[in-house]
Amino acid sequence: MLRKQKNLMFCIFVLCAALIAGLVAWFLRPTQQYIGGEPQESLKPVLRLPGGDWGPPAPYLHYSRGPGVYKMQLVFDSLLERDGSGYIPWLATGYQVLDQGRTYVFKLRQGVKWHDGRKLTPEDVLFSFEYALRHPPVQAHITSENITMSVEEDSFIVHLDFPDAAMLGKLGSVRIIPKHIYENIEDPIGFLEPSAFIGTGPFKLEQYNREHGTYRFVENSDFFGPAPKVSAIEFVPVSDETLALLQGDLDAATIPPDAISLFADLEQFAVMQNPGFWGYRLLFNMNVEPLGSIKFRQALAHGIDRQQLVEKIARGAGVLGSYGILPVDHINYNPQVIDYPYDPELAKQLIAEEEIAIPSLSILVAGEREARIGQLLKEQLAEMGIELNIRSVDAKTKDTLIQTGQYQLGLIGHGGMGMDPDYLRIRFAQEKAGQMISQVSSVGFANDEINRLCLKQRKTTDESLRQDYLNQLQNLIAENIPEIPLFCTTDYFVYNREKLDGWVYMFDHHEPTHCNMSYLVHP
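Cut-offs used in this document
Residues numbered from 1 in each chain as written. Predicted model: local features only at pLDDT ≥ 70, side-chain atom pairs only at ≥ 80, totals over all residues. Heavy atoms only, no water. Helix = DSSP H or I, 4+ residues; strand = E, 2+ residues; numbered from the N terminus. Contact = heavy atoms within 4.5 Å. Axes fitted to C-alpha atoms, helices over the stretch in contact; angles between N-to-C directions. Parallel < 35°, antiparallel > 145°, perpendicular 65-115°, else oblique. Left-handed = near helix turned anticlockwise from the far one by under 90°. Nonpolar A, V, L, I, M, F, W, Y, C, P; charged D, E, K, R; others polar. Pairing = 2+ DSSP bridges. Phe/Tyr/Trp six-rings, centres within 6.5 Å; stacked < 30°, edge-to-face > 60°. Buried < 20%, exposed > 50% of the residue type's maximum accessible area, 1.4 Å probe, protein only. Lys NZ or Arg CZ within 6 Å of the ring centre and 35° of its normal. Core = buried A, V, L, I, M, F, W, Y, C linked by side-chain atoms within 4.5 Å. Salt bridge = Lys/Arg side-chain N within 4 Å of Asp/Glu carboxyl O.

**Q** Would you explain the environment of histidine 302 in this entry?
**A** You can see histidine 302 is positioned in helix 7 (residues 294–303). Between the alpha carbons of histidine 302 and arginine 281 there is a distance of 15 Å; along the sequence they are 21 residues apart. Excluding residues within four positions of it along the chain, histidine 302 makes contact with Tyr340, Pro341, Tyr342, Asp343, Pro344, Leu346, Ala347 and Leu350.

Written out as structure tokens, the structure is:
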């Protein structure tokens, strides 16, 4: 009897163990999703990246800086996309440049669907461009100057009055928006309905919280292009990105150089070093004397130890800016431009020779890092007998003060320095500054020869001839010092390779999380 009871208890124990094992296995199974009735394994991860509020991710609503721009581009496509090699066909399957750069013909992709299920049409593309001319989006790539557009069957055609060397990138970057949603919207800046976020991109916006600075984008299962490698991307603010990455709360982040060693022995992490397309510039208000004097600006250039800024601010992860403005990693960089090596004695000599009276000056900064740069500049200029006062404000206020010229010396940091060199024209040869902070130049600077070269490089489609003009332009800018390019950062990007590998840099950009190709299966 006792033996039978023991056998019964043993059988019950075995059955319970098997049941528990089965339940554990069920809970730990890979998640499944079912599309069209057919089971399809989904081992795609959810990617978590550093967050913060960069505005609603729509072409008229996002903030103008990079993190806002590239979140919007997860949702909204353009005719061309960028990868490490250059522009690649996207909503267009190909393009032709005809008539010596005066005509562009884009062959439009068929079978593309908006996130609401409706089909993308050639009329949507034409509408998007015409709407962008009437209502310039945050990133206004084109203007009504020099351009007419039409559609013929499945082609989008653009005619220019004169060639524009940067036009392919401008046309290819305009975000395509749905006509059936925007055609009755006269105030896109005030349009915040859920339909404002209907695009054709590889991800759909599922959640955005301005107060918390969080975003959640989910995979677009009807995306026309390469399949997304992740099921969702979540942007979440954290107080310490290094710690969050180590604890698994983030899957990728930019890490200070002195923290890289923390990841050295952890096999799941990999490190990439960003190209130098994000940097700091020192602007002058040339209506404030003696900042209008070239000799004084040259003296300032010799009096600023930029290498010390790289060592103390960027912890060595940076490169000096070029006085020709295009950074050393730019494809059109001219290595022959004049330099102004650190030489405080020469700086003082130049000031004495010109008998320049030096008043105390102020520098406009925002945030802790810029304040530290301002403090170092204050100490360096003090050796030249220049008193520098630091004026610290919040970032948005500083951008506004810079754009409206309310400063003496202004410190700004931004990306976009690897983009088409036509930004030299926008920065130095336009009466009105561009909308982006990267397009802002020093107040009161004007030079007829720089203006002439800016226009010549723009209208030249011969690459070799254009490079010659750009070389001349960089030399002339360096001689006139309209601003001091302090340094570009070359930060370290650390990512959990077990979550997502194969990160991609765009050929002209410093940040792999901003590249849509990072999240898609590579062809």
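Anyway, onward from the coordinates.
**Q** Is there a simple way to explain the packing of helix 13 (residues 448–459) against helix 14 (residues 463–480) in this structure?
**A** Pairs of packed helices are described in terms of their axes, by the angle between the two and the distance that separates them. Two elements in contact, helix 13 and helix 14, have axes whose closest approach is 9 Å; the angle formed by their N-to-C orientations is 155°. Judged by the angle between their axes, helix 13 and helix 14 are roughly antiparallel. Crossing angle aside, the handedness with which helix 13 passes helix 14 is left-handed. Side by side, helix 13 and helix 14 meet where Glu449, Ile450, Leu453, Cys454, Lys456 and Gln457 of the first sit next to Arg466, Tyr469, Leu470, Gln472, Leu473, Leu476, Ile477 and Asn480 of the second. Residue composition of the contact of helix 13 with helix 14, grouped by class: eight nonpolar, three polar and three charged.

**Q** Whenever I open this one, the sheet that holds strand 21 (residues 492–496) confuses me. Can you help?
**A** The strands making up a sheet are joined through hydrogen bonds of the backbone, oriented either antiparallel or parallel. The strand order 13-21-14 describes an open sheet built from three strands, whose pairing is antiparallel. At either end of the open sheet lies a strand with only one pairing partner, and these are strand 13 (252–255) and strand 14 (269–273). On average, adjacent strands in this sheet sit at an angle of 25° to one another, irrespective of strand direction. As paired elements, strand 13 and strand 21 share four bridges and run antiparallel to each other. Following the sheet pairing, isoleucine 255 is matched in strand 21 by tyrosine 492.

**Q** Can you walk me through the side chain of asparagine 496 in this structure?
**A** Here asparagine 496 is to be found in strand 21. Non-local contacts of asparagine 496, meaning those with residues more than four positions away in its chain, are made with Asp251, Gln268 and Phe269.

**Q** How should I be thinking about the packing of aromatic side chains in this particular structure?
**A** Think of a pair of aromatic rings as described by two things: how far the centres are apart, and how the planes are tilted against each other in angle. Going through the model one piece at a time under the given rule, you end up with 26 aromatic pairs. Ring plane angle 40° and centroid distance 4.6 Å describe the contact between phenylalanine 129 and phenylalanine 156, whose orientation is recorded as tilted. Taken together, the positions of phenylalanine 129 in helix 3 (residues 122–134) and phenylalanine 156 in strand 9 (residues 155–160) put the pair 27 residues apart, joining distant regions of the chain. The two residues phenylalanine 129 and phenylalanine 156 agree in class, both being buried. Three or more aromatic residues joined by ring pairs make a cluster, and in this case those are Tyr60, Phe127, Tyr131, Tyr182 and Phe191. Note that lysine 71 overlies the ring of tyrosine 215, its terminal NZ or CZ placed 5.4 Å from the centroid. Cation over ring: lysine 459 sits above phenylalanine 162, and NZ or CZ is 4.6 Å from the ring centre.

**Q** Is there a simple way to explain the pairing of strand 12 (residues 232–236) in this structure?
**A** One face of the sheet, then the other: side chains in a regular strand alternate in exactly this way. Burial runs high along strand 12: five of the five residues are buried. Side chains Ala232, Glu234 and Val236 project from strand 12 onto one buried face, and the interleaved Ile233 and Phe235 project onto a second face that is buried too. Relative to strand 12, strand 3 (residues 46–50) is paired through five bridges, and the arrangement is parallel. Within the sheet, the bridge partner assigned to valine 46 lies in strand 12 and is alanine 232. Sheet analysis places strand 11 (residues 214–219) next to strand 12, joined by four bridges and oriented antiparallel. Paired with arginine 216 across the strands is glutamate 234, a residue of strand 12.

**Q** Is there a simple way to think about the nonpolar core in this case?
**A** Core analysis: the largest hydrophobic core is formed by 58 residues, its most contacted members being Phe129, Phe156, Tyr182 and Trp503. Looking at which element gives the most residues to this core, the answer is helix 3, with five residues. Residues within four places of tyrosine 182 in sequence aside, it is in contact with Tyr60, Phe127, Tyr131, Ile177, Pro188, Phe191 and Ala196. In this structure, Phe284, Phe445, Ile481 and Cys488 belong to the second largest nonpolar core, which totals 54 residues.

**Q** Quick question: what am I supposed to make of the sheet that holds strand 6 (residues 92–98) here?
**A** With antiparallel pairing, four strands are arranged side by side in an open sheet as 6-7-9-8. Strands with a single pairing partner mark the edges of an open sheet, and in this sheet they are strand 6 and strand 8 (147–152). This sheet shows a mean twist of 15° between the axes of neighbouring strands, independent of strand direction. In this structure, strand 7 (residues 103–108) lies alongside strand 9, joined through five bridges in antiparallel fashion.

**Q** For this particular structure, what's the right way to read the pattern of salt bridges?
**A** One side chain can pair with another of opposite charge once the charged atoms of both are near each other. This model, assessed by the stated rule, comprises 21 salt bridges. Between aspartate 154 and lysine 107 there is a salt bridge, and its shortest N-O distance comes to 3.2 Å. Of this pair, aspartate 154 sits in the loop between strand 8 and strand 9 while lysine 107 sits in strand 7, and the two are 47 residues apart along the sequence. Classification of aspartate 154 as partly exposed rests on a relative accessible area of 21%. Here lysine 107 falls in the partly exposed class, since its relative accessible area comes to 39%. Linking glutamate 370 and lysine 398 is a salt bridge whose minimum nitrogen-to-oxygen distance equals 2.9 Å. Remark: lysine 398 occurs in helix 11 (residues 395–403) and glutamate 370 occurs in helix 10 (residues 367–382); sequence separation between them is 28 residues. With respect to burial, glutamate 370 and lysine 398 carry one shared label: buried. Members of the salt-bridge network, linked through shared partners, are Asp164, Lys170, Asp422, Arg425 and Arg458.

Nothing here speaks to function; it is all geometry.
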